[in-house]
Amino acid sequence: MSEENKKWYSFLWNKYLIVGALFIVWMLFFDQNSYLLHKELDDEIQELEEDITYYKKELAKQEEQLNDLEKNKDSYERLAREKYFMKKPNEDIFIIETKKDSVDNE
């Protein structure tokens, strides 16, 4: 072995380097506070925050609709006609369905 190879060989088999490398691998992959676990939990937090935003928007829409129903009694009739297809006794209702494209244009 040449002198340069001996230096690299002794450096690579240094006990502190080996222990340090094992410690880093252990902390990244196997520990209960591992990087992979934190990444998974961060993704879950992000998804839940998106859900919170969505439900807050939906709640605001529902509150607006409720306020509209409380203030305007004609909105009851409109809601019943549009959403539940209710009608007055002397009326006929025609429901027109439109065909949706099978390919989304996003």
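Everything discussed here concerns the structure shown above.
Residues numbered from 1 in each chain as written. Predicted model: local features only at pLDDT ≥ 70, side-chain atom pairs only at ≥ 80, totals over all residues. Heavy atoms only, no water.

Participant: Help me out: how do you make sense of a negative patch on the surface in this one?
Facilitator: There is a patch of like negative charges on the surface, built from Glu40, Glu44, Glu47, Glu49, Glu50 and Asp51. Its location among the elements puts Glu49 in helix H3 (residues 35-71). (Patch = residues over 30% accessible without salt bridge, like charges linked within 9 Å, V, L, I, M, F, W, Y side chains within 5 Å. Areas by Shrake-Rupley, 256 points an atom, 1.4 Å probe, with all protein chains shown as cover. Salt bridge = Lys/Arg side-chain N within 4 Å of Asp/Glu carboxyl O. Lys, Arg positive; Asp, Glu negative; His and termini not counted. Charge placed at Lys NZ, Arg CZ, Asp CG, Glu CD. Helix = DSSP H or I, 4+ residues; strand = E, 2+ residues; numbered from the N terminus.)

Participant: Would you take a moment to explain a nonpolar patch on the surface for this structure?
Facilitator: There is a patch of nonpolar side chains on the surface, built from Phe23, Ile24, Val25, Trp26, Met27, Leu28, Phe29, Phe30, Tyr35 and Leu36 and spanning about 1,000 Å² of accessible area. For the nonpolar patch, the secondary-structure elements that each account for two or more residues are helix H2 (15-30) and H3. The dominant element in the nonpolar patch, judged by the number of residues it contributes, is H2, at eight residues. Here Phe29 is to be found in helix H2. Owing to a relative accessible area of 46%, Phe29 belongs among the partly exposed residues under this scheme. (Buried < 20%, exposed > 50% of the residue type's maximum accessible area, 1.4 Å probe, protein only.)

Participant: Can you walk me through the side chain of Ser75 in this structure?
Facilitator: Mapped onto the elements of the fold, Ser75 is located in helix H4 (residues 74-84). Judged by relative accessible area, Ser75 falls into the buried class, the value being 1%. A polar contact of 2.4 Å, which involves the side chain of Ser75, links it to the backbone oxygen of Asn72. With sequence-adjacent residues up to four places away left out, Ser75 is seen in contact with Asp68 and Leu69. (Polar contact = N/O pair within 3.5 Å; in protein donor to acceptor, adjacent residues only side chain to side chain. Contact = heavy atoms within 4.5 Å.)

Participant: What is the right way to read the pattern of salt bridges from this model?
Facilitator: Opposite charge on two side chains makes pairing possible when the charged atoms of those side chains draw close. Applying the stated criterion to the full structure yields three salt bridges. Note that Asp43 is salt-bridged to Lys39, the shortest N-O span being 3.4 Å. Here Asp43 and its partner Lys39 are both found in helix H3, four residues apart, which amounts to about one turn of the helix. Where Lys61 meets Glu58, a salt bridge forms, and the shortest distance between an N and an O atom there is 3.4 Å. Placement of both Lys61 and Glu58 in helix H3 is noted, with a separation of three residues, approximately one turn of the helix. On the basis of relative accessible area, Glu58 is assigned to the partly exposed category, the value being 24%.

Worth remembering: the numbers are spatial, not functional.
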